[in-house]
Amino acid sequence: MNRLFVVNKPIFRSSNGYMGYVKRKYGTKKVGFSGTLDPFATGCLIVATGQYTKLFQYLNKTPKSYKATLWLGANSPSLDIEKIDSIKEVSPFTERRIEEALLSLKGELTYYPPKFCAKKINGKRAYELAREGLEVELKTITSTIYDIKLLNYNHPFVHFEAKVSEGTYIRSLGALVADKLGVDGTLSSLHRIHEGQFYFDNEKALNPFTHLDIPSNVYTGDEEYMELGKKLSREYFETKEDGVYLIETSNFFSIIEIAGEEVKYRFNRIPKFEEESCTV
């Protein structure tokens, strides 16, 4: 079965662990997901089965939107409620001060990702090293904060919404806001609303070929060459400029790369979307 859809990941389940449930529900062994959600986070998680798992890297998933709650006075090395080690009473702030702290993050932002994250250090995940009590040194990253706004402030909880570029750590945004206010702070809730055009809609099957962030091209040669995975010539493509393209033939899709005079297959013979075959 080849299927692309969005699940609503529940709280306190790892993204990878939740795939066991998805496999059982859809009766399939090959399942993958894009854009890991932390165990304490909920919401939009893009899932694919079968050959559609090959398409994750080409999906248009930006911008992403999140709703989060920042707990002022709580401290956690993981920047979320999983590892809270202290809670201090802090004096209330004015809503204006909260809004100023949030808005100060808008635009291009360079910061350190959380030590408890999935980035690899010498082949090992940062969160694995952190859980072992080892020192974790991560390089700064840069994200774009397209929009960030206060939804509600009920001291000591700050509820906010952020629209961001791919790869942004909302836990770090919460920590930066707390730093600007001069207090400890950690996220007590996090919900991903959407990734690009991907929203949770009762796990409805989606046509992946309408959600790809690569241009289409036309192969004018003999389709049998592509059917059999034979070597292709640049001259038989409508667009001949270097780049990665989606090619549709009578029976399937392929992703190819034109580089100079060479044409490479990225993925070949990806089945077309058939809505009626995706009913569960």
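Residues numbered from 1 in each chain as written. Predicted model: local features only at pLDDT ≥ 70, side-chain atom pairs only at ≥ 80, totals over all residues. Heavy atoms only, no water.

1. Notes on unusual backbone geometry
For step 1, the next point in the chain: That bond from T62 to P63 is cis: its omega, 0°, falls within 30 degrees of zero.
For step 2, the next point in the chain: With respect to the secondary-structure elements, P63 resides in the loop between β3 (42-49) and β4 (64-72).
For step 3, the next point in the chain: Following H155, the chain continues to P156 via a peptide bond in cis, the omega torsion being 10°.
For step 4, the next point in the chain: By the element assignment, P156 lies in the loop between β10 (141-154) and β11 (157-164).
For step 5, the next point in the chain: Phi angles above zero are rare outside glycine, and F12 is one such case at about 60°.
For step 6, the next point in the chain: You can see F12 is positioned in the loop between β1 (3-9) and α1 (15-26).
For step 7, the next point in the chain: Positive phi values are uncommon outside glycine, yet L79 reaches one of about 65°.
For step 8, the next point in the chain: For L79, a relative accessible area of 18% translates into the label buried. (Helix = DSSP H or I, 4+ residues; strand = E, 2+ residues; numbered from the N terminus. Buried < 20%, exposed > 50% of the residue type's maximum accessible area, 1.4 Å probe, protein only.)

2. Focus on the environment of K83
For step 1, the next point in the chain: Following the sequence through the fold, K83 ends up in the loop between β5 (74-75) and β6 (86-87).
For step 2, the next point in the chain: A relative accessible area of 35% means that K83 is categorised as partly exposed.

3. Considering the confidence of the model for the chain
For step 1, the next point in the chain: The pLDDT averaged across the chain works out to 92; a share of 93% of its residues lies at or above 70.
For step 2, the next point in the chain: Here residues 276-280 scores under 50 on pLDDT; set against residues more than four positions off or in separate chains, the count is seven contacts. (pLDDT = per-residue confidence, 0-100. Contact = heavy atoms within 4.5 Å.)

4. Quick word on the packing of aromatic side chains
For step 1, the next point in the chain: All chains considered together, the criterion is met by eight aromatic pairs.
For step 2, the next point in the chain: Ring plane angle 20° and centroid distance 3.8 Å describe the contact between F209 and F253, whose orientation is recorded as stacked. Here F209 is found in the loop between β13 (198-199) and β14 (216-217), whereas its partner F253 is found in strand β16 (residues 252-259), with 44 residues between them in sequence. With respect to class, F209 is no different from F253; both count as buried.
For step 3, the next point in the chain: Judged by centre distance (5.2 Å) and plane angle (50°), the ring pair of Y219 and F237 falls under tilted. Highlighted residues: Y219 in the loop between β14 and α5 (223-227) and F237 in the loop between α5 and β15 (243-248), separated in sequence by 18 residues.
For step 4, the next point in the chain: F237 gets classed as buried once you look at its relative accessible area, which sits at 1%.
For step 5, the next point in the chain: Within the aromatic cluster, the residues linked to one another by ring pairs are Y52, F209 and F253.
For step 6, the next point in the chain: Over the ring of Y225 we find K230; its NZ or CZ atom is 4.9 Å from the centre of that ring.
For step 7, the next point in the chain: Against the face of F252 rests R269, its NZ or CZ located 5.2 Å from the ring centre. (Phe/Tyr/Trp six-rings, centres within 6.5 Å; stacked < 30°, edge-to-face > 60°. Lys NZ or Arg CZ within 6 Å of the ring centre and 35° of its normal.)

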